Amino acid sequence: MPVTLPQLTRREFLKRAALAGLGMGLVELVPPKSQAGLFGKSRDKNTFAFFSDTHIAADATLKHSNVNMADNLAACVRELAAWPVKPAAVIVNGDLAFQSGRPGDYATFGKWIEPVRALAPVHLSLGNHDERENFWQAFPHDATRQSSTLHRQATVFSSDRANWFLLDSLDATDTAPGEFGTAQLDWLARELTARPDKPAILVGHHNLQAPDGTTGLKDSAAFEELFARHRQVKAFIFGHTHNWHVEQHASGVLLVNLPPTGYVFKEGRPSGWVRATLARDGAEFELRSLDPQHPEHAQIKRLKWSED
Ligand SMILES: [Zn+2]
């Protein structure tokens, strides 16, 4: 059961904002005189925005590791709202909630992500600090539900230059390792087989697990064998480690580790969001650090897809 928040029209947005009495919304982020420009600006169909590990608590004033996570998300949203073009889609890649996916966490997350809905559809995936049932209950009216027996937050959507596969690696809430599970991997294999021609980009919360690892995907070996076998898979995008990093898997698949929007695990690493723009034969990924002085801020990684 995937949850995609459809893009809102200006009228819908303002109506919802008025009804909900949002604590933070587009009006606060973008002055009223600039709003027409926001809604009117053009869309770049090849550009995507990624947020990950937002860790929003019910109490928006909560700090963890000396970071106010709600303030961080607001700053990222503000920058995206001011971006010269609208992205094709926004993906929030898991650990939406602070720690254990309580209903109040999703209520606050929903308010904070609301302005993004004026820009583009928003796809939400789940991490180990989310709780699936609470999450689904928090977005009942916005959910675009496809019939599925997976009972996971997984979906496929298509863009001009790639097919995107959003996967759900939440195994047990507030327990570090993740798992896709056999049913979801079988589903992924079928969906990939049905779409052989366009580059495929896989998105999931957890990292691949090193042989001695304890926090990544428990079924990493099966997942890696699967994506190596389907040669149209070009990239796997994930979060979880709170450590912005790009490397290449032995199969040629590019591994893109998103930075956290919330707090970092290791001092000195960047937090923020990532802009990805697809070309025909690859993509560029740009870190948008919340600290513009960070040495990796605005660095663009130009990635070339492996040969089929
Ligand atoms: Zn996290």
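A few points on the structure. (Residues numbered from 1 in each chain as written. Predicted model: local features only at pLDDT ≥ 70, side-chain atom pairs only at ≥ 80, totals over all residues. Heavy atoms only, no water.)

## Some words on unusual backbone geometry
Then step 1. A positive phi angle, near 50°, is found at His55, a position not held by glycine.
Then step 2. Unusually for a residue other than glycine, Ser65 sits at a positive phi of about 50°.
Then step 3. Its place among the elements puts Ser65 in the loop between strand S3 (63-64) and strand S4 (67-68).
Then step 4. Accessibility expressed as a relative area gives 45% for Ser65, which makes it partly exposed. (Helix = DSSP H or I, 4+ residues; strand = E, 2+ residues; numbered from the N terminus. Buried < 20%, exposed > 50% of the residue type's maximum accessible area, 1.4 Å probe, protein only.)

## What to know about the pattern of salt bridges
Between side chains of opposite charge, a pair can form as their charged atoms come close.
Then step 1. In this structure the tally under the stated criterion is 13 salt bridges.
Then step 2. Between Lys218 and Asp171 there is a salt bridge; the shortest N-O distance is 2.7 Å. With Lys218 in the loop between strand S9 (200-203) and helix H8 (220-229) and Asp171 in the loop between strand S8 (163-166) and helix H7 (182-193), this residue pair connects regions lying 47 residues apart in the sequence.
Then step 3. Among the salt bridges present, the one from Arg302 reaches Glu284, with a minimum N-O distance of 3.5 Å. Remark: Glu284 occurs in strand S14 (residues 282-289) and Arg302 occurs in strand S15 (residues 300-304); sequence separation between them is 18 residues.
Then step 4. Given the relative accessible area of 22%, Glu284 is considered partly exposed. (Salt bridge = Lys/Arg side-chain N within 4 Å of Asp/Glu carboxyl O.)

## Observations concerning the coordination of the zinc ion
Then step 1. Looking at the zinc ion, one finds its protein donor set to be Asp53 (OD), His55 (NE2), Asp95 (OD) and His242 (NE2), positioned 2.0 to 2.2 Å from the metal centre.
Then step 2. In this structure, the zinc ion is surrounded by four donor atoms whose angles at the metal cover 88 to 170°, and the resulting shape is irregular.
Then step 3. In primary-sequence terms, the residues that donate to the zinc ion follow D-x1-H-x39-D-x146-H. (Donors = N, O, S within 2.8 Å, 3.2 Å for Na, K, Ca; no water. Tetrahedral: all angles 85-135°; square planar, octahedral: opposite > 155°, others 65-115°.)

## A closer look at the nonpolar core
Then step 1. Among the nonpolar cores identified, the biggest contains 35 residues, and Phe51, Phe109, Ile113 and Leu124 are the most heavily contacted of them.
Then step 2. Within the residue set of this core, elements represented by two or more residues are strand S2 (43-51), helix H4 (69-81), strand S5 (86-93), helix H5 (103-113), strand S6 (122-125) and helix H6 (132-138).
Then step 3. When residues in this core are grouped by element, the largest group, seven residues, is from H4.
Then step 4. Sequence-distant contacts of Phe109, that is, excluding residues within four places in its chain, are made with Thr54, Ile56, Leu73, Val92, Leu96, Leu124 and Phe139.
Then step 5. Among the nonpolar cores identified, the runner-up in size contains 26 residues, and Ala88, Ala89, Ile237 and Phe285 belong to it. (Core = buried A, V, L, I, M, F, W, Y, C linked by side-chain atoms within 4.5 Å. Contact = heavy atoms within 4.5 Å.)

## Digging into the pairing of S8
Then step 1. Of the two faces of S8, the one carrying Asn163 and Phe165 and the one carrying Trp164 and Leu166 are both buried.
Then step 2. In terms of strand pairing, strand S7 (residues 155-158) meets S8 through four bridges, oriented antiparallel. Opposite Val156, over in S8, you have Phe165 as the bridge partner.
Then step 3. Hairpin remark: S7 followed by S8, antiparallel, with four residues in the connecting loop. (Pairing = 2+ DSSP bridges.)

## Focus: the sheet that holds S8
Whenever strands of a sheet pair, they do so through backbone hydrogen bonds, lying parallel or antiparallel.
Then step 1. The sheet built from six strands is open, its strands ordered S7-S8-S9-S10-S12-S11 with mixed pairing. Each end of this open sheet is capped by a strand with a single partner; those strands are S7 and strand S11 (245-248). Averaged over neighbouring strand pairs, the angle between their axes works out to 20° when direction is ignored. (Axes fitted to C-alpha atoms, helices over the stretch in contact; angles between N-to-C directions.)

## Notes on the packing of aromatic side chains
Then step 1. Going through the model one piece at a time under the given rule, you end up with 13 aromatic pairs.
Then step 2. Judged by centre distance (6.2 Å) and plane angle (75°), the rings of Phe51 and Trp273 are edge-to-face. Here the residue Phe51 occupies a position in strand S2, and Trp273 occupies one in strand S13 (residues 272-278), the gap between them amounting to 222 residues.
Then step 3. Of the residues examined, Phe51 reaches a relative accessible area of 0% and is grouped as buried.
Then step 4. On the accessibility criterion, Trp273 (1% relative accessible area) is buried.
Then step 5. Consider the rings of Phe236 and Phe238, whose centres lie 5.2 Å apart with planes at 25°: the pair is stacked. Neither residue differs from the other here; Phe236 and Phe238 are each classed as buried.
Then step 6. Through pairs of rings, three or more aromatic residues link up here, namely Phe180, Phe223, Phe227, Phe236 and Phe238. (Phe/Tyr/Trp six-rings, centres within 6.5 Å; stacked < 30°, edge-to-face > 60°.)

## Some points on the sheet that holds S14
Then step 1. Pairing is mixed across the open sheet formed by seven strands, whose spatial order is S1-S6-S5-S2-S13-S14-S15. Edge positions in the sheet fall to strand S1 (4-5) and S15, since each of these pairs with one other strand and no more.
Then step 2. The pairing of S5 with S6 spans four bridges and is parallel. From the neighbouring strand, Val90 faces S6, where its bridge partner is Val122.
Then step 3. Contacts from H4 reach S2, S5, S13 and S14, with the element oriented near 170° to S2.

## Thoughts on the side chain of Asn163
Then step 1. Along the chain, Asn163 turns up in strand S8.
Then step 2. Using a relative accessible area of 7% as the deciding quantity, one classes Asn163 as buried.
Then step 3. Sequence-distant contacts of Asn163, defined by excluding residues within four places in its chain, comprise Phe157, Ser158, Arg195, Lys198, Pro199, Ala200 and Ile201.

No statement about biological role is implied by the geometric values presented.
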